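# A structural walkthrough
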2 protein chains.
Amino acid sequence: MNTPANTERRLEQALLRGKWTLFERLPAERPLAEELGVSRATLRTALHTLVGRGILETRRGSGTFVRALPCRADSTGLADSLRAFRIVMPPLLSAMAGTLPPSVMLALERHLPSAGMALHAGDMRLFAQNHLRFFSTLLQATGNARLAQAGAATLPDAHALARLLQESSHVRLEEFFKHLARTLHGLRHADAQATTAAATAYASCLLQCMGEEA
Amino acid sequence: MNTPANTERRLEQALLRGKWTLFERLPAERPLAEELGVSRATLRTALHTLVGRGILETRRGSGTFVRALPCRADSTGLADSLRAFRIVMPPLLSAMAGTLPPSVMLALERHLPSAGMALHAGDMRLFAQNHLRFFSTLLQATGNARLAQAGAATLPDAHALARLLQESSHVRLEEFFKHLARTLHGLRHADAQATTAAATAYASCLLQCMGEEA
C-alpha cells in the first residue's frame, strides 16, 4: 500500500520515533522516495499534506524541515473535534466580538433562519451544514490566516455532525440551536463574556449528545 | 508560474470568489488540471496542501470536497502567529494543566535549563528553538490530533522568532523567560488559572517586543 495517505502515515511514525527531530532538514526527495519505496510524486503529495498540516515546512532552495511534531494519537474522530472546538472556539469568538464589520454580521445573521428552517423540517444534513457555514464565515473574517487555520482544525466533519444530530432528541436540538443564537447575540453586542459562555455551552451540548460528560 | 504553491493560491482565490461553495465537490483532477493549465502532479500537490490545511477533504471514491473556506488575508507573518498564539494557546494549556503524565512534565522541565543556558550565551536561535520545543512537546501530549493541529497552526516560525529576540532588550528577554517558567509552574501544579495568566503574559510580552500593543 504505497498510497500518499500511507506514505504520510509512515512519515508521521518516523517523526514520532525521532528519526528526524524538530527543525531538522529531511533528506532530499529522491533518496527519501527510494528509502520509502514510493514514487517521487507519491512522496511529494504526502510531504505537502504534512506542510499543510503545519508539521513540515518547505523553504525555497533549502529543502523541507520539521516545523512541529505530529500528535501521538492520530484519531480525528468527532469527539476529538468537539473537545478541541470547546477549548479553541470560545476564546477565538470572544476575541472577535466587537471587531466584526456589519457585512459579516449580516452574513452570520442569515445562517440562523436557514438553520431554524432545516431544524423545523428535520433535515439534519442541512442543519449541520448551516452551523458549519456560520463558523466558517466567522473564521474567514478573522483576517488572520493562522487563527483561521487553528479554528478550522477544530470544525467537526459535516457528515459526522449530521449523524450525531439525527440521533439526538428534539429538546436537545432546540437547546443546541439556542446556544448558536446566543453566540450570535454575544457577537452582535460585542459582549466577549456572553460570547464565550454561549460558545462553550454550544460545544458542551454537542458533547452531551455524544454521551460525553460536559 | 505553474508551481504547486502558485496553483494552491489560485485555488484559494477561486474559493474566495465563490467558484465552489462550502461542502461542494471539486471537478475531477483531469478537467481541473486542464482548466488551470497545470500538470496533474502539480494539481495533486496543491490539493493535498489544502487538505492538510483543513480547507479541502478527500473522500475515498467520491472526490475532493470543500471543508472550510480560506481566510481572506493570507499573510502568515510573525505578528499574526503571535496574536493567534495569544488567543489559542492559553486556554489550550489551561485545559492540559493537571492532565500531563510525569514523563511529559519531565520532558517539559528539561527544556527550561536549556533555554536558560541559550539565553545566557546570547544564542537567540537556540533560545527560540527551546521555546518552540517546549510547546511542541506539550501539543504532542494532548492526545487529540485536532487540538494539536490547532495549536501548531499558531506556533511562530523559529527563524522569525529568533530575529525578534535578537532585537529585544535583555530585560525583555529575562521577563519573557520568566513567563515560560511560570507557565511550566502552572502546569506542574495543575493550576489552570495561573497557566492561562502566564501563557497570556508570555504571548503579550512577545507582541510588546514587536512594538504591538499588548
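Residues numbered from 1 in each chain as written. Chains lettered and ligands numbered in written order. Predicted model: local features only at pLDDT ≥ 70, side-chain atom pairs only at ≥ 80, totals over all residues. Heavy atoms only, no water.

## Observations regarding unusual backbone geometry
Residue and element names in this part refer to chain B.
- Notably, F23 is not glycine yet its phi reads approximately 75°, a positive angle.
- A positive phi is found at A190, a non-glycine position, where the angle reads about 50°.
- Considering the arrangement of structural elements, one finds A190 in the loop between helix 9 (170-188) and helix 10 (192-209). (Helix = DSSP H or I, 4+ residues; strand = E, 2+ residues; numbered from the N terminus.)

## Topic: the domain arrangement of chain A
- Here chain A is described as being made up of domain 1 (4-66) and domain 2 (78-209).
- On a C-alpha basis, the centres of domain 1 of chain A and domain 2 of chain A stand 35 Å from each other. (Domains from an automatic or database assignment.)

## Notes on the environment of B:L15
Residue and element names in this part refer to chain B.
- Positionally, L15 belongs in helix 1 (residues 4-17).
- We classify L15 as buried; its relative accessible area is 4%.
- Along the primary structure L15 and R53 are separated by 38 residues, whereas in three dimensions their C-alpha atoms are 14 Å apart. (Buried < 20%, exposed > 50% of the residue type's maximum accessible area, 1.4 Å probe, protein only.)

## What about the packing of aromatic side chains?
- Inspection of the entire model under this criterion finds 14 aromatic pairs over all chains.
- Between the aromatic rings of A:F127 and A:F176, the centroid separation amounts to 5.9 Å while the plane-to-plane angle is 85°, which identifies the pairing as edge-to-face. Here A:F127, found in helix 6 (residues 124-140), pairs with A:F176, found in helix 9 (residues 170-188); they are 49 residues apart in sequence, far enough to count as distant. Across this residue pair, the class does not change: A:F127 and A:F176 are buried.
- When the centroid spacing of 6.2 Å and the interplanar angle of 50° are considered together, the rings of A:F127 and A:F177 count as tilted. Taken together, the residues span a long stretch of sequence, with A:F127 in helix 6 and A:F177 in helix 9 at a distance of 50 residues. Pair check on accessibility: A:F127 and A:F177 agree, each one buried.
- Of the aromatic side chains, those joined through ring pairs into one cluster are A:F85, A:F127, A:F134, A:F135, A:F176, A:F177 and A:Y202.
- In this structure, B:R59 is placed above the aromatic ring of B:F65, and the distance from its NZ or CZ to the ring centre is 3.9 Å. (Phe/Tyr/Trp six-rings, centres within 6.5 Å; stacked < 30°, edge-to-face > 60°. Lys NZ or Arg CZ within 6 Å of the ring centre and 35° of its normal.)

## Looking at the interface of chain B and chain A
- Residue-level contacts link 52 residues of chain B with 52 residues of chain A.
- Sorting the residues of chain B by area buried against chain A places B:F23, B:Q140 and B:R146 first, and these three jointly supply 16% of that buried surface.
- The interface formed by chain B and chain A holds 0 salt bridges in total.
- One can count 19 residue pairs in polar contact (both at pLDDT 80 or more) joining chain B with chain A.
- When residues of the side of chain B that touches chain A are traced back to their parent elements, those giving at least two are helix 3 (40-52), strand 1 (56-59), helix 4 (78-96), helix 6 (124-140), helix 7 (145-153) and helix 8 (158-166) of chain B.
- Among the elements that make up the side of chain B that touches chain A, the one with the highest residue count is helix 4 of chain B (9 residues).
- Here the residues of the side of chain B that touches chain A are counted per class, giving 24 nonpolar, 16 polar and 12 charged. (Contact = heavy atoms within 4.5 Å. Buried area = accessible area lost by both parts, 1.4 Å probe. Salt bridge = Lys/Arg side-chain N within 4 Å of Asp/Glu carboxyl O. Polar contact = N/O pair within 3.5 Å; in protein donor to acceptor, adjacent residues only side chain to side chain. Nonpolar A, V, L, I, M, F, W, Y, C, P; charged D, E, K, R; others polar.)

## Topic: empty space enclosed by the protein
- Per the counting criterion, the structure on display carries 5 cavities of 30 Å³ or more.
- Reported here for the second largest cavity is a volume of approximately 50 Å³.
- Looking at the lining of the second largest cavity, its residues break down into 5 nonpolar, no polar and 3 charged. (1 Å grid on protein atoms, 1.4 Å probe; cavity = no way out; pocket = protein on both sides within 12 Å on 5 of 7 lines; lining within 4 Å. Points joined across faces, edges and corners; volume = space filled by probe spheres on them.)

## Thoughts on helix 10 of chain B
Residues and elements named next belong to chain B.
- With 18 residues, helix 10 ought to run about 26 Å at 1.5 Å a step, and its terminal C-alpha atoms sit 26 Å apart, in line with that.
- Of all the positions in helix 10, only T195, A198, A199, Y202, A203, S204, C205, L206, L207 and C209 are classed as buried.
- Against the buried residues of helix 10 lie helix 4, helix 6, helix 8 and helix 9.
- Its side-chain oxygen 3.3 Å from the backbone nitrogen of Q193, D191 forms the N-cap of helix 10.
- Note on helix 10: the residue one or two positions beyond its end, G211, has a positive phi of about 80°. (Expected span 1.5 Å × (residues − 1).)

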